[in-house]
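Results of the structural survey
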Amino acid sequence: MEIARRFIKERILSRDEFVLLLQQSGDADVREMLRQEAFALCRKYYGNKVYIRGLIEFTNYCKNNCYYCGIRRDNRNVRRYRLTEEEILSCCREGYALGYRTFVLQGGDDPYFTDERMTELIRRIKENHPDCAITLSIGEREKESYRKFREAGADRYLLRHETADEAHYRSLHPQEMSLSHRMKCLYDLKELGYQVGAGFMVGSPGQTLVNIADDLLFLHRLQPEMVGIGPFIPHHDTRYAGEKAGSVDMTIFLLSVIRILLPKVLLPATTALGTMDPFGREKGLLAGANVVMPNLSPEKNRKDYSLYDNKICTGEEAAQSIAALRKKVESVGCQVVTDRGDALR
Ligand code: SAH
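Residues numbered from 1 in each chain as written. Predicted model: local features only at pLDDT ≥ 70, side-chain atom pairs only at ≥ 80, totals over all residues. Heavy atoms only, no water.

Per an unreviewed UniProt entry, the protein chain goes by [FeFe] hydrogenase H-cluster radical SAM maturase HydE and derives from Candidatus Anaerobutyricum stercoris.

Examining the packing of helix α1 (residues 2-10) against helix α2 (residues 15-23)
Quick reminder of the rule: Inter-axis angles, ranging from 0 to 180 degrees, are taken between N-to-C directions of lines fitted to C-alpha atoms, where helices are fitted over the stretch in contact. For helices the rule is a DSSP run of H or I covering at least 4 residues; for strands it is a run of E covering at least 2, with both sets numbered from the N terminus onward. Here is the rule for angles: anything less than 35 degrees is roughly parallel, anything more than 145 is roughly antiparallel, 65 through 115 is roughly perpendicular, and the remaining ranges are oblique. Left-handed describes a crossing whose near helix is turned anticlockwise from the far helix through less than a right angle; right-handed describes the clockwise counterpart. We call two residues in contact when some of their heavy atoms are within 4.5 Å. Residue type decides the class: Asp, Glu, Lys and Arg count as charged, Ala, Val, Leu, Ile, Met, Phe, Trp, Tyr, Cys and Pro as nonpolar, and the leftover types, Gly among them, as polar.
As a packed pair, α1 and α2 sit with axes 9 Å apart at the nearest point and diverge in direction by 120°. Relative to α2, the element α1 lies oblique. Crossing handedness for the pair α1 and α2: left-handed. Only E17, F18, L20 and L21 of α2 make contact with α1, whose side of the interface consists of I3, A4, R6 and F7. Residue composition of the contact of α1 with α2, by class: six nonpolar, no polar and two charged.

So, the site of the ligand
For clarity, the cut-off: We define proximity as follows: a residue is near a molecule or strand when any one of its heavy atoms falls within 4 Å of that partner. Polar contacts here mean pairs of N or O atoms no more than 3.5 Å apart (in protein, one a potential hydrogen donor and the other a potential acceptor; neighbouring residues in sequence count only if both atoms are side-chain atoms). Shrake-Rupley sampling with a 1.4 Å probe provides the accessible areas, and residues are treated as covered by the protein chains on show and by no other component.
G107, D109, R160, E162 and I233 are the nearest of the 18 residues found near the ligand. With respect to the ligand, the side chain of E162 contributes an N or O atom lying 2.5 Å from an oxygen atom. Coverage of the ligand by the protein chains reaches 91% of its 560 Å² of free accessible surface. Of the residues assigned to the shell around the ligand, the class counts are nine nonpolar, five polar and four charged.

With respect to the packing of aromatic side chains
Quick reminder of the rule: Note on aromatic pairs: the rings of Phe, Tyr and Trp (six-membered ring only in Trp) are paired at centre separations within 6.5 Å, and the planes decide the class, stacked below 30 degrees, edge-to-face beyond 60, tilted for the rest. The classification of residues rests on relative accessible area computed with a 1.4 Å probe and restricted to protein chains. Under 20% of the type maximum is buried, over 50% is exposed, and intermediate values are partly exposed.
By the definition in use, this model includes seven aromatic pairs. Seen from their ring centres, F7 and F18 are 5.5 Å apart, and the 70° between their planes marks the pair as edge-to-face. Here F7 is found in helix α1, whereas its partner F18 is found in helix α2, with eleven residues between them in sequence. When sorted by exposure, F7 lands in the same class as F18, which is buried. Geometrically, the ring pair formed by Y157 and Y194 is edge-to-face, given 5.8 Å between the ring centres and 90° between the ring planes. In this pair, Y157 sits in strand β5 (residues 156-158) while Y194 sits in the loop between α8 (179-191) and β6 (195-202), placing the two residues 37 residues apart along the sequence. The pair formed by Y157 and Y194 is uniform in burial state, with each residue classed as buried.

Here's the deal with the sheet that holds strand β7 (residues 226-231)
Heads up, the rule is: Paired strands are those between which DSSP finds at least two bridges.
Pairing in this open sheet of six strands is parallel, and the strands run β2-β3-β4-β5-β6-β7 from one edge to the other. Each having just a single partner strand, β2 (54-59) and β7 make up the two edges of the open sheet. The mean angle between the axes of side-by-side strands here comes to 20°, regardless of whether they run parallel or antiparallel. Pairing between β5 and β6: three bridges, direction parallel. Note on β6: the bridge partner recorded for Y157 is V196. Its contacts with the sheet put helix α10 (residues 248-261) on β6 and β7, and the angle it makes with β7 is roughly 165°.

A word on the sheet that holds strand β9 (residues 335-337)
The strand order across the open sheet formed by three strands is β8-β1-β9, and the pairing between neighbours is parallel. In this open sheet, the two strands that pair with only one neighbour each are β8 (291-292) and β9.

Looking at helix α3 (residues 28-46)
We apply this condition: Helix span, expected: 1.5 Å multiplied by one less than the number of residues in the helix. The directions considered for the arc run from the helix axis to the C-beta atoms.
Its 19 residues place the ends of α3 26 Å apart at the C-alpha level, agreeing with the 27 Å of an ideal helix rising 1.5 Å per residue. Among all positions in α3, only V30, M33, L34, E37, A38, L41, C42 and Y46 are buried. Seen along its axis, α3 keeps its buried residues to an arc of 165°; they face one direction. Away from its buried face by more than 90 degrees, α3 exposes A28 and D29.

Here's what the structure looks like:
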């Protein structure tokens with residue numbers, strides 16, 4: 001209780017103190033205290049607004065081989081797809097009509113989408129929808145590429161750091177990937193004026209409370225505009241098929257902690273959270289989250305963007321079900337809004 005009180009007051013703790021706080025994540029009083037503070041901060045800065053982002057998973061080809069991910073390069077059992085430019089533009093048109101004013105282009109690290117193809121795509125989306133924000137989530141690229149995308153009109157970039165611990169990062173990724181490069185990308189993106197999102201999986205294999213404390217300290221150093229966290233969920237075609245999934249309660253607890261750590265951050269209640277718990281989204285919104293990212297990908301491709309097992313993509317998860325989503329959001333006293341929802345700086 002004492003440590004939680006101090007965290008609320010100072011908004012930062014030392015590494016050891018964060019570990020202590022995390023050890024209390026199961027204590028109902030501590031949870032409720034942090035949840036209330038997080039919820040109040042969210043109200044203070046964003047009112048009861050919940051921002052919606054239309055997520056377009058435009059390719060599941062990937063040159064990387066992250067051990068936890070269902071669409072990693074070496075998984076031969078994935079039916080690979082790539083949307084055409086016309087298909088992507090049509091997703092945006094449909095999303096626009098539904099009220100979406102942010103499009104998130106997410107994909108595997110797919111070399112087919114060269115700088116030229118990406119900039120052309122970004123330009124055309126901006127041409128059709130000048131009042132919309134474009135968020136990219138296409139992994140690690142050269143700073144020069146990020147610069148071109150930014151000049152073409154990209155506004156935001158999501159690149160989870162995955163874990164701030166070198167050894168833990170090593171255990172989750174093959175040799176050719178590195179934490180230092182991923183972090184360099186995040187700082188490059190910041191320098192280029194993107195609104196940047198970092199984040200990590202909760203309960204990824206081998207993750208300790210000390211790792212999470214380091215994740216929180218890293219987020220505090222980076223000061224990102226957005227943070228994406230969701231429970232790790234095993235995928236049957238990975239080495240982690242038999243691992244247990246990350247905890248919904250820990251994820252909710254961390255949403256509150258991150259809201260207090262970075263009061264103005266844009267914080268989604270993620271798909272993974274909604275996958276693990278039918279009320280995950282609502283619980284997230286009550287604990288400090290203020291963004292949801294429904295799926296705008298073409299129906300025919302949705303199940304092939306299989307990062308983990310049982311990933312939800314229908315019901316309120318589908319961007320088309322915006323009425324149902326509104327109801328859900330309103331059931332916890334929040335309100336879906338359709339403005340761009342840029343970060344407060
Ligand atoms: N290629 C892009 C997008 C990756 S997919 C990139 O590298 O940034 C988006 C996020 O899904 C990843 O950052 C990871 O944190 C999450 N993810 C991948 N596999 C997962 C799993 N098995 N369980 C939960 N989340 C997962």
